[in-house]
Amino acid sequence: MMGWLPVALLAVPLLGALLLLISPALLRPVLRGYGLVFSGVTLALAVTLAATFDYTQAARPQLTVDQPWIPGLGLRFHLGVDGISLPLVVLTALLTFLCFVYLSWGDARAPGQLLTPATGRPRALVFTLLVLEVGMIGTFLALDLLLFFVFFEVVLIPMYFLIAIWGGRGRRSAAIKFILYTLLGSVVMLLGLLLIWAQTGTLDIVALSQAHGAGMSRGVQVLAFAAVGIGLAVKTPMWPLHTWLPDAHTEAPTVGSVLLAGVLLKMGTYGFARIAIPVLPEGAVVIAPWLGALAVVGIVYGSLACLAQRDLKRMIAYSSVGHMGFVLLGFATLTTVGVNGALFANVAHGLITGLLFFLAGAIKERYGTADMPSLGGGMLATLPHLGAVLTFAAIASLGIPGLAGFWGEMLALLGAFQPAEVLPRELFLVFMAIGGLGAVLTAAYFLVMLSRVTHGLPARPALSLTATHSAPGGAGAGPEETGSGAAESRPEALAAGAAESEPEGGRRPAEVTETGSPAPKAGAMRDIRGYELVAWVPLIVLILLFGLWPKLLLSLTTPAVQTLLGVLS
Amino acid sequence: MTTFPLLAVLLPFAAAFAGLLLSRRPRLRAPDTPETRAAAARGRAGWFAIIPTAASAVLAIWLAWGPGFAFIEGASPGEPVGRTYGTIVTGGIPISLTLQAGDLSAILGVLVTLVALAVQIYSVGYLHDDPRYPSYSSFISLFTSAMLLVVYAGDLLVLYVGWEIMGLCSYLLIGHWWEDRANSRAAVKAFLVTRLGDVGFLFGIFVLGVSAGSFRIDDVLAEVPEMSTGTLVAATMLLLAGVAGKSAQVPLHTWLPDAMAGPTPISALIHAATMVAAGIFIVARLFPAFLAARPTLDVLAIIAALGMLGAALAALAQDDLKRVLAYSTVSQLAYMAGGLAAGSDSAAIFHLLTHGAFKALLFLCAGAVIHHIGSNLMSQMGGLRRTLPITFVTMTVGFAALMGLPPASGFFSKDALLLTMERALTGGRLTDAAALLLYGCALATVAVTGAYATRAWLRTFFGEARAVALPEPQPGTAHVVDVREAPRTMLVPIVLLAVPALLLGFAGGPHLDLEVAALSVVLALLGGGVVYAFWRSDPVADPSRLLGPFLVPCERAFYVDSLYTAAFVRPLQTMARLVVRTDDRVVDGAVRGSGRTAQRLSGMLRLLQNGNVQLYVTGLLAGVLLIVVGAVVFA
């Protein structure tokens with residue numbers, strides 16, 4: 001009865017994109033509201049989907065649509081959601097909407113808001129993002145191998161343009177590297193999918209999952225798992241197939257980075273949960289130790305790479321390699337606990353790293369660089385709110401319990417402590433120990449980053465004013481602040497001090513605009529602005545919510561995971 | 001009453017959010033200058049901080065009213081008060097959201113909330129003109145809430161949540177004055193060192209939980225007799241890593257002295273009620289598991305023996321008053337660990353309580369002294385007994401308790417610990433060598449404790465006043481004020497804490513062993529007497545010169561920090577740089593290389609496409625010829 005919902009989830013953004021092609025001139029004046037409306041409707045549909053979802057039946061696909069598409073190939077237009085894909089669909093719709101909010105809220109003249117003719121091609125940007133949304137949501141809804149592949153590939157092209165047109169200085173080579181690398185991975189994956197098709201004669205993911213690998217010999221399963229796995233591992237990305245990621249992230253515009261980290265990487269890990277493990281269980285058992293080994297290498301390697309990184313965006317990109325290592329380790333355990341952990345970490349990473357890239361973008365716009373030594377420290381003094389939210393996001397990312405990042409990693413490690421019985425336990429104990437050390441290294445690089453960027457005294461002389469205010473005992477009039485006309489325009493910084501980790505809630509926008517309204521002096525940076533706050537608060541709230549109440553997500557995924565593991569669990 | 005543990009945890013938790021989000025809300029009708037607004041924010045934040053903590057304290061006292069000191073008296077355990085608020089499915093062993101107060105938890109809850117309350121009240125005066133007071137007091141509330149979660153948790157993973165959040169709060173509070181990079185480094189160090197231990201702790205929880213089939217503490221303890229020794233040793237050793245991290249025991253003790261970078265009330269909080277107490281608490285909470293794992297007890301005894309003497313010697317050589325107290329905490333915690341290793345959890349918890357009272361008192365007094373002088377260094381103090389009479393009296397009580405002089409509280413609890421260690425010599429679970437080392441070190445430490453406490457007391461309050469008012473305080477030190485004594489918000493908590501520091505020893509029915517008691521008092525007085533003799537001979541010079549050639553190693557805490565830097569930090573940094581280089585040259589180099597190879601190959605193919613029609617026709621003909629020949633031959 002609600003079967004139209006998944007179709008509508010794809011149709012709305014697609015319609016939005018097509019209308020832009022048909023009547024560009026008509027829509028130009030309303031472009032900002034346009035993207036907001038279409039992604040907002042999509043988000044509303046996604047929320048409706050979550051509301052109508054039958055949570056007692058989270059293990060089976062619901063709200064399915066199953067129509068023949070290309071009968072000659074046996075290709076069917078088969079969509080549906082279950083407990084695994086539902087959180088990801090909602091996450092995708094949410095992040096896309098927040099990206100539009102970020103781009104178009106308020107007067108849309110801030111440097112990060114690209115929807116002005118001055119920054120170039122606003123119509124193309126809206127079009128690109130809407131097409132991207134179609135591909136991303138489609139990937140999570142598809143229940144047919146080839147349909148999955150089609151959506152998986154649809155995503156690449158808008159992302160390529162997003163990096164190549166609106167990216168930073170080295171955008172061209174980064175975009176080419178991104179698309180060639182991921183395309184190459186996809187080709188290998190296609191071969192694996194075709195191998196499954198050739199052996200079983202069906203492309204239906206539901207039927208294939210229920211068969212649990214029946215009809216395929218062990219050798220075929222191993223081969224198919226390796227091929228599909230490599231394709232997915234490029235996207236995830238798994239060490240050593242990750243090098244496209246730092247370049248793409250560093251060069252992509254803020255919204256590109258957010259969607260890349262928040263959603264695109266999830267498509268790779270989602271593929272493991274949807275296709276590779278349930279369809280090819282015997283192949284999974286053979287490959288799992290290798291997957292686990294590469295995962296923990298990725299954790300430690302990513303953390304070490306972060307530790308010596310100078311560029312903030314690049315550091316966050318490498319942190320994704322480490323976090324995705326935890327996700328892959330969870331999958332490699334082939335236990336309900338581990339896969340649950342992986343899926344949780346997946347969603348948590350989408351929220352947290354999405355927020356981190358928003359913040360990195362905001363910093364880059366203000367300082368003109370994301371090079372940490374050039375930032376010079378003291379952000380909690382110059383931009384107290386931005387520094388506080390950055391602290392919050394970094395702490396969430398390093399896996400403090402009570403915030404979303406913890407549960408996924410903890411469950412992945414617990415899964416590795418007791419992997420599926422067919423797997424060598426000693427080996428996974430080693431993986432667990434290395435993963436645990438990786439968690440310490442993760443904490444190390446985030447705290448070192450915070451120390452470099454947010455602590456200390458600000459280096460720039462123009463900004464030393466607020467630093468004097470914030471220094472304990474420095475409330476008296478210093479020589480440099482008498483006579484400076486800006487002293488009145490910055491009192492908020494004094495009153496606000498620096499809340500070091502928590503968001504400031506809905507009361508901030510008024511105060512922030514108040515701060516800046518008496519003509520901010522040239523070169524002075526403004527703290528969090530309205531459009532940024534509106535885009536970030538939902539992420540902050542969700543990070544807290546999932547951290548304090550992990551049951552929300554775990555009770556959704558557990559039955560689905562138990563079904564997909566089938567014989568293994 | 002069953003919801004009291006939950007309420008006690010939630011109240012400060014809510015207070016933390018309220019303090020952060022609501023205290024800076026602009027008031028509607030007040031005159032709106034920045035100064036009044038900041039003052040209003042501080043005032044609001046102060047109430048947000050104090051009222052919920054006080055409410056939690058009332059709840060905790062209510063919970064402890066029934067059992068009283070039953071745990072210390074060794075009475076049979078009563079029924080825990082609390083309930084389960086549902087379970088979290090994980091796909092494997094579920095996490096049960098249980099909060100309950102048994103005999104041990106109830107009494108510790110009182111310690112935590114009362115010290116936290118004292119610290120909150122004291123901070124109002126201490127950070128009077130700190131613009132970041134609202135975030136500071138909110139983090140203390142969060143800290144209190146996390147520690148109460150540890151204390152009342154009925155499930156190991158719920159306990160771990162509180163355990164880790166404490167690490168975060170210590171990071172945020174130690175780095176409160178982050179303008180100074182040194183404070184920031186100290187905060188990072190505290191977090192990382194404890195986190196390293198916490199990873200082991202988490203794995204220890206896994207071992208216990210998986211072998212018991214449940215993470216509920218009651219279930220785990222019920223299953224302990226069924227577990228194999230190997231499992232128990234592995235689990236307790238891993239837990240010990242977390243204990244060493246949080247309770248600042250060798251080899252993970254290095255963060256605690258550096259943590260003095262934080263504001264002094266924070267030191268009181270960390271050293272007395274939260275964080276460091278958690279490690280001792282968890283060993284006592286899971287004591288049956290530790291008792292069944294003898295090798296772990298031996299390791300604990302050796303760690304404790306090394307830690308108590310080493311830290312006491314280090315305390316004797318420090319010039320920073322707060323660092324003296326910090327090393328003294330490491331040493332006193334090692335006492336408790338030694339007591340646990342010797343087989344008595346009640347003695348250890350008794351000392352934890354008295355130590356909580358007198359160490360909080362000592363830190364708050366030190367804060368008052370520092371507040372007055374504007375410096376942490378004892379070489380700039382002296383003669384303060386006239387200018388700070390109240391602080392002098394209360395701090396004297398604190399030092400007496402620390403030395404273990406009767407009738408102060410420390411005397412009774414230290415006596416109980418020494419008695420346990422002595423009994424472990426003859427019959428106990430420890431190996432003879434470990435028991436001997438433990439008892440020997442404990443006695444030596446009593447003497448050294450007497451020495452460093454006397455030294456700090458003399459150098460602070462006697463002799464000539466050396467203080468020179470600093471022109472402008474550096475970030476990281478308290479603001480200089482020109483009053484004779486500290487403001488009332490600071491004095492009231494000090495005086496109130498002096499009462500339990502003096503009298504808590506009589507609680508729970510003191511059992512004195514005259515022989516051990518006499519020995520320890522004589523040793524402490526001996527240590528103090530030697531220092532006094534040195535001080536009398538030259539009141540200006542530092543009596544720590546009695547250490548002779550060992551002074552510098554003691555002052556540097558036996559170079560453990562330098563060793564760790566050389567052994568772990570630098571290699572890690574090198575490895576990190578190596579990884580970045582490898583990533584660029586090898587991993588990404590292979591990618592770029594394959595791209596270049598493809599370009600070169602296509603470049604060769606391009607040579608054929610040179611636009612020369614004759615060449616194309618020749619190629620065409622050659623192809624046709626090949627096909628014809630092939631067809632003829634293979635047909």
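An unreviewed UniProt entry lists chain B under the name NADH dehydrogenase, with Nonomuraea cavernae given as the organism.

Chain A appears in an unreviewed UniProt entry as NADH-quinone oxidoreductase subunit M from Nonomuraea cavernae. Taken directly from UniProt, the Sequence similarities (unreviewed entry) text for chain A runs: "Belongs to the complex I subunit 4 family."

The helix and strand inventory of chain A stands at 25 helices and two strands. Sequence-distant contacts in chain A: of pairs separated by 6 or more residues, those separated by 24 or more amount to 79%.

Turning our attention to the overall build of chain B. Within chain B, the regular secondary structure consists of 25 helices and two strands. Referenced to the eigenvectors of the C-alpha coordinate spread, the extents of chain B come out at roughly 115 × 65 × 60 Å. The buried share of chain B, reckoned over its 635 residues, is 59%. The contacts in chain B between residues at least 6 apart in sequence include a share of 81% that link residues at least 24 apart.

Residue and element names in this part refer to chain A. Across the eight residues of helix α11 (residues 244-251), eight count as buried, placing the element largely inside the fold. Buried residues of α11: W244, L245, P246, D247, A248, H249, T250 and E251, and no others. Along its buried surface, α11 packs onto α7 (156-166), α8 (171-200), α12 (254-279) and α14 (312-333).

Per-residue pLDDT for chain A has a mean of 83; in total, 86% of the residues score no lower than 70. Note that pLDDT drops below 50 for residues 461-522 of chain A; the model gives that stretch 111 contacts with residues more than four away or on any other chain.

Turning our attention to the UniProt feature "domain: NADH:quinone oxidoreductase/Mrp antiporter transmembrane" (unreviewed entry) in chain A. Feature annotation in UniProt assigns "domain: NADH:quinone oxidoreductase/Mrp antiporter transmembrane" (unreviewed entry) to the following positions: residues 142-418 of chain A. Structurally, residues 142-418 of chain A is divided into 82% helix and 0% strand, and its ends, taken at the C-alpha atoms, are 32 Å apart.

All names here are of chain B. Within strand β2 (residues 95-101), six of the seven residues are buried, which leaves the element mostly enclosed by the surrounding structure. Across six bridges, the pairing between strand β1 (residues 81-88) and β2 is antiparallel. Looking at β2, one finds that I88 is bridged to I95. In this antiparallel pair of consecutive strands, β1 and β2, the connection spans six residues, and G91 shows a positive phi of 95°.

Our focus in this paragraph is the UniProt feature "domain: NADH-Ubiquinone oxidoreductase (complex I) chain 5 N-terminal" (unreviewed entry) in chain B. Taken from the UniProt record, the annotation "domain: NADH-Ubiquinone oxidoreductase (complex I) chain 5 N-terminal" (unreviewed entry) applies to residues 90-136 of chain B. Taken end to end, residues 90-136 of chain B has its terminal C-alpha atoms 35 Å apart, with 60% of it in helix and 15% in strand.

This part covers the environment of L425(B). Residue and element names in this part refer to chain B. Along the chain, L425 turns up in helix α19 (residues 409-426). For L425, a count of 15 C-beta atoms within 10 Å puts it in the partly exposed group. Distance from L425 to I72, taken between C-alpha atoms, is 22 Å for residues 353 residues apart in sequence. Not counting chain neighbours up to four residues away, the residues in contact with L425 comprise A435, L436 and Y439.

Moving on to unusual backbone geometry. For the bond running from W239(A) to P240(A), omega is 0°, close enough to zero to count as cis. Position of P240(A) among the secondary structure elements: in the loop between α10 (218-235) and α11. Between P406(B) and P407(B) the backbone carries a cis peptide bond, its omega angle lying at 5°. Its location among the elements puts P407(B) in the loop between α18 (389-403) and α19. At H212(A), a position not held by glycine, the phi torsion is positive, near 50°. With respect to the secondary-structure elements, H212(A) resides in the loop between α9 (205-211) and α10. Of note in this structure, L334(A) is not a glycine but carries a positive phi near 55°. Its place among the elements puts L334(A) in the loop between α14 and α15 (336-367).

In an α-helix, one turn spans 3.6 residues; hence positions three or four apart end up facing the same way. Between the first and last C-alpha of helix α25 (residues 613-634) of chain B there are 31 Å, a value that for 22 residues agrees with the 32 Å anticipated at 1.5 Å per step. In terms of residue burial, α25(B) counts as a barely covered element, since only zero of its 22 residues are buried.

Per the domain assignment, the segments of chain B are domain 1 (4-555) and domain 2 (565-634). Distance between the C-alpha centres of domain 1 of chain B and domain 2 of chain B: 64 Å.

A few words on the packing of α15(A) against helix α19 (residues 405-417) of chain A. Residue and element names in this part refer to chain A. One way to put it is that α15 packs onto α19 with a least axis distance of 7 Å and a crossing angle of 155°. Of the possible angle classes, the one that applies to α15 and α19 is roughly antiparallel. Here α15 runs over α19; the crossing is left-handed. Contacts between α15 and α19 involve V337, G338, N340, G341, A342, F344, A345, A348 and I352 from the first element and G405, W407, G408, E409, M410, L411, A412, L414, G415 and A416 from the second. Looking at side-chain class alone, the contact of α15 with α19 contains twelve nonpolar, six polar and one charged residues.

Examined against the element boundaries, I275(A) turns out to sit in helix α12. For the pair I275(A) and V206(A), spaced 69 residues apart in the sequence, the C-alpha separation amounts to 9.5 Å.

This paragraph deals with the pairing of strand β1 (residues 62-70) of chain A. All names here are of chain A. In the sheet, β1 pairs with strand β2 (residues 75-81) via six bridges, with the strands oriented antiparallel. Bridge pairing in β2 links D66 to H78. The antiparallel pairing of β1 with β2 creates a hairpin that spans four residues between the two strands, and G74 there sits at a positive phi of about 70°.

Here we come to the packing of helix α4 (residues 85-104) of chain A against helix α24 (residues 530-548) of chain A. All names here are of chain A. In the contact formed by α4 and α24, the axes pass within 8 Å of each other and the chain directions differ by 165°. Taken together, the axes of α4 and α24 are roughly antiparallel relative to one another. In the packing of α4 onto α24, the handedness of the crossing is left-handed. Contacts between α4 and α24 involve L94, L98, V101 and Y102 on the former and, on the latter, Y531, E532, V534, A535, P538 and L539.

What follows covers the confidence of the model for chain B. Should the pLDDT be low somewhere, the predicted coordinates at that spot are not to be read in detail. In this model, chain B carries a mean pLDDT of 87, and residues with pLDDT of at least 70 account for 95%. Quick note on the complex model: pTM equals 0.89, ipTM equals 0.89.

By the element assignment, L307(A) lies in helix α13 (residues 281-307). Residue classification places L307(A) among the buried residues on the basis of 23 C-beta atoms within 10 Å. Sequence separation between L307(A) and T442(A) is 135 residues; the distance between their C-alpha atoms is 8.5 Å. Residues within four places of L307(A) in sequence aside, it is in contact with L441(A), A444(A), Y445(A), V448(A) and A576(B).

Rules of the game
Residues numbered from 1 in each chain as written. Chains lettered and ligands numbered in written order. Predicted model: local features only at pLDDT ≥ 70, side-chain atom pairs only at ≥ 80, totals over all residues. UniProt positions renumbered as here; feature names shortened; annotations may be inferred. Helix = DSSP H or I, 4+ residues; strand = E, 2+ residues; numbered from the N terminus. Contact = placed C-beta atoms within 7 Å. Buried ≥ 20, exposed ≤ 12 C-beta atoms within 10 Å, placed from the backbone. pLDDT = per-residue confidence, 0-100. Pairing = 2+ DSSP bridges. Expected span 1.5 Å × (residues − 1). Domains from an automatic or database assignment. Axes fitted to C-alpha atoms, helices over the stretch in contact; angles between N-to-C directions. Parallel < 35°, antiparallel > 145°, perpendicular 65-115°, else oblique. Left-handed = near helix turned anticlockwise from the far one by under 90°. Nonpolar A, V, L, I, M, F, W, Y, C, P; charged D, E, K, R; others polar.

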